[in-house]
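Single-letter residue listing:
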Amino acid sequence: MEPLEFNADFFTLFQLPRAFRLDLAELERRYREAQQAVHPDRFAAAGNEARRVSLQWAARVNEAWQTLKSPLARARYLLELAGQAIGTTSNPAMDSAFLMEQMEWREAAQEARVRRDPRALEHLRDRLAQTLEASFREVAVALDERGEYAVAAECVRRLMFQEKLARELDDALAALEDEEADA
Amino acid sequence: MALFQISEPGESDLPHERRLAAGIDLGTTYSLVATVKSGMAVVLNDAAGRPLLPSIVRYTPEGEIVVGYAAGEAQAEDPKNTLVSVKRFMGRGVRDIAHVETLPYDFVDAPGMAKLKTRAGVKSPVEISAEILKVARTRAEAHLGGELAGVVITVPAYFDDAQRQATKDAARLAGLNVLRLLNEPTAAAVAYGLDNAAEGIYAIYDLGGGTFDISILKLSRGVFEVLATGGDSALGGDDFDHRIFCWALEAARLPPLSAGDARLIMTHAREAKEFLSRHDRAQIACRLSSGQVLDLTLDAATFAGISDTLVRKTLNAVRKALRDAHLKVADVKGVVMVGGSTRMPQVQRAVAEFFGQEPLNNLDPDKVVALGAATQANLLAGNRSGQDDWLLLDVIPLSLGLEIMGGLTEKVIPRNATLPATRAQDFTTFRDGQTAMAIHVVQGEREMVSDCRSLARFELRGIPPMVAGAARIRVTFQVDADGLLAVSAREETSGVEAQVTVKPSYGLSDDEVAVMLKDSIRHARDDAQRRALKEVQVEAQRLIEASEAALKEDGHLLSAEETARIETAIARLQTLILGDNRRQITLAMDDLGFETQEFAHRRMDQNIRRALSGKKVAELDLPGRA
């Protein structure tokens, strides 16, 4: 068996194929097995050195799990491994139609918030979820089938915007709920 | 759930060689201590057969320290020296403490943490908590007939770094070896989950005397995984008492009260609250020091009304935790009620209504946390048998971040990240020739630094002068399984390093602990020395056992030369342990640690590969294993 380096990439760490399409149930199983082996609770009665190493490994395994289980983080990580720069979100190459669309989303969200209309927010959230799904399908094709990293990077840049918007919608919904509960 | 059965370092090969371990629930109002006896977790009673230990400490005029029921009796007559609910002050400044004006104590605002002036001198909440822990320790050792090898102490899941550190310091003062700080709802989930073989998503609603926690867990065979946690570390049964107290003052139009009278009414308020858990109305009747008689009747509906905002506050936290876990109410299979305050009918009703199901009350809400802690302590101490084996994956309750320009925070580790967690963040200089950089670590969810809790400030000096933006300063945050943070910073181009354990701003330094230890056993100064020596000897012995077990287990990972070096270091330590030179023992331990560093890495590497290859150890060809 190949020696396993502490700095091995997350796919190697979990002994999973390096791909965007991932068997999440298998990933979770591997994560738990890895934690079973390295978690500090296994070394509570051990020497300081073993405890320190266990802490480092367990943190590394957690980081790998967090990265691989989220599709956006996983896509970004794959691009990083492939040496493909994602560029910042202020990339001027971002196409203007997409930016316009983002503005419209934001305005709609703002309006729903001001109107205290959770239904409208939820509707936006559902629509956005569909958009996200479609984008992730594109990413999967670009990464796993065609090896088109630049295309995938472009998708990921959009996804970063869209996920941020999704979080904002969630926060707005949460704020409305709390207001309601406190009323 | 035996994935692979290798005996871990430090774990005894001989099954009968049990290590004595206990779980301690250090509560706001009551504390409990529990242990595992013949495979069953049990709460240990005091000599009078009472399981609860009131978390009350009194410094008497005779210079004695009384803890528990006896201390409680003196509350009204000696309020300033009888300290209750001190957990609320752990890791907190005077300004952080709710209703501070109604408390009878003389606070001294020490940097970082409030202290209390008593007739025995100024005491920190850490010292006072240590007195409670000492009694718990004595109780456990008397029952078990020997010295405790280690304990698990529970803390509210929503405790921040300062509060956790304070709890750990208190344990150190009480001479306890802390195997783990365990979150209270997680401890309850262990007790409940193991008892009921529960699987699925569970919510643990834990309303204690002074704190509220909500944890959402995914229970599956052998794994307790916390998905999200939330709460309020200053919301508990005490606040319900306080609502009744305020109601009583208003209803009876009372003038400003003496400290003793305030305590007296608070005690009656608490009794009324407890009475209302079983009855429709409660009487509050007592005679004040002025001779005035207070006689009021509080009915359940009025009580529910005056405490409604408190209950709603808990439900808001529940909502937030569910959202953080990306779950809906309907995903929750069961709601486990923990903490004495969940006995209040209005709490039961509100939780049932929110979740659309009757909450689970089949475990004693006072005891479940201590029982879970005892079970975990037993496991961590190495008293594991093949079948009981599980893994706890817990999370950090509050985000950790750094102050950036403009008084804003930049999050480095988000709340609900699974522990342990390590995260590095790069920063740069913003002025030409800048040679120092201040780093301010905060904990909390708000954007502004001033709204978060300040954990530590430190300065990275000696950055070589460069143009603005050229330096690369990597700040690494490491949060261990107890939720405690260590921060280090390093300038990458020059290698200038600053290592900080985030303690100085409020935690105790080793020197302070030494002074307190000496203080607490003033009349027997030698004892402190002897105890310190003994502690080191015990620790060294543990290290030797662990190293020997590791050699036996995994000696094949080492070359003959490496093995010889480790054996030499063990032998040297073995010899020194017999003597009384603490410093030499410590140095020899460091040496052994150094020699086993690489070994530890190789073993861990082997463990993880073995785990992932899904093979049981029995199927592996392991040399050196009988």
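See the structure printed just above.
Not measured: the values here are computed from a predicted model. (Residues numbered from 1 in each chain as written. Chains lettered and ligands numbered in written order. Predicted model: local features only at pLDDT ≥ 70, side-chain atom pairs only at ≥ 80, totals over all residues. Heavy atoms only, no water.)

(A) Examining the interface of chain B and chain A more closely. Listed per partner, the contact involves 52 residues of chain B and 48 residues of chain A. Across the interface of chain B and chain A, roughly 4,300 Å² is buried in total on both sides, 56% from carbon and sulfur atoms. The three residues of chain B that bury the most area against chain A are M604(B), R609(B) and L612(B), which together make up 16% of that side's buried surface. Viewed at the interface, chain A and chain B are joined by 4 salt bridges. Residue D389(B) is joined to R42(A) by a salt bridge in which the shortest nitrogen-to-oxygen separation is 2.9 Å. Remark: the boundary between chain B and chain A carries 10 residue pairs in polar contact (both at pLDDT 80 or more). Broken down by element, the residue count for the side of chain B that touches chain A peaks at 13 residues, all from helix α14 (residues 582-613) of chain B. Each residue belonging to the side of chain B that touches chain A can be placed in one class, and the counts come to 24 nonpolar, 14 polar and 14 charged. (Contact = heavy atoms within 4.5 Å. Buried area = accessible area lost by both parts, 1.4 Å probe. Salt bridge = Lys/Arg side-chain N within 4 Å of Asp/Glu carboxyl O. Polar contact = N/O pair within 3.5 Å; in protein donor to acceptor, adjacent residues only side chain to side chain. Helix = DSSP H or I, 4+ residues; strand = E, 2+ residues; numbered from the N terminus. Nonpolar A, V, L, I, M, F, W, Y, C, P; charged D, E, K, R; others polar.)

(B) Summary view of the environment of R609(B). Residues and elements named next belong to chain B. As for its position among the elements, R609 is in helix α14. A sequence separation of 29 residues divides R609 from D580, and the C-alpha atoms of the two residues are 42 Å apart. Within polar-contact distance, the side chain of R609 engages the side chain of D605 at 2.9 Å.

(C) Here's a closer look at the sheet that holds strand β5 (residues 56-59) of chain B. Residue and element names in this part refer to chain B. The 3 strands lie next to each other as β6-β5-β7, forming an open sheet whose pairing is antiparallel. Strands with a single pairing partner mark the edges of an open sheet, and in this sheet they are β6 (65-67) and β7 (82-84). Strand-to-strand twist across the sheet, computed as the mean angle between neighbouring axes with direction ignored, equals 20°. Where β5 lies against β6, 3 bridges are found, and the strand directions are antiparallel. By the bridge assignment, Y59 is partnered in β6 with I65. Helix-sheet contacts for helix α2 (residues 125-144) involve β5, β6 and β7, and the interaxial angle to β5 is about 110°. (Pairing = 2+ DSSP bridges. Axes fitted to C-alpha atoms, helices over the stretch in contact; angles between N-to-C directions.)

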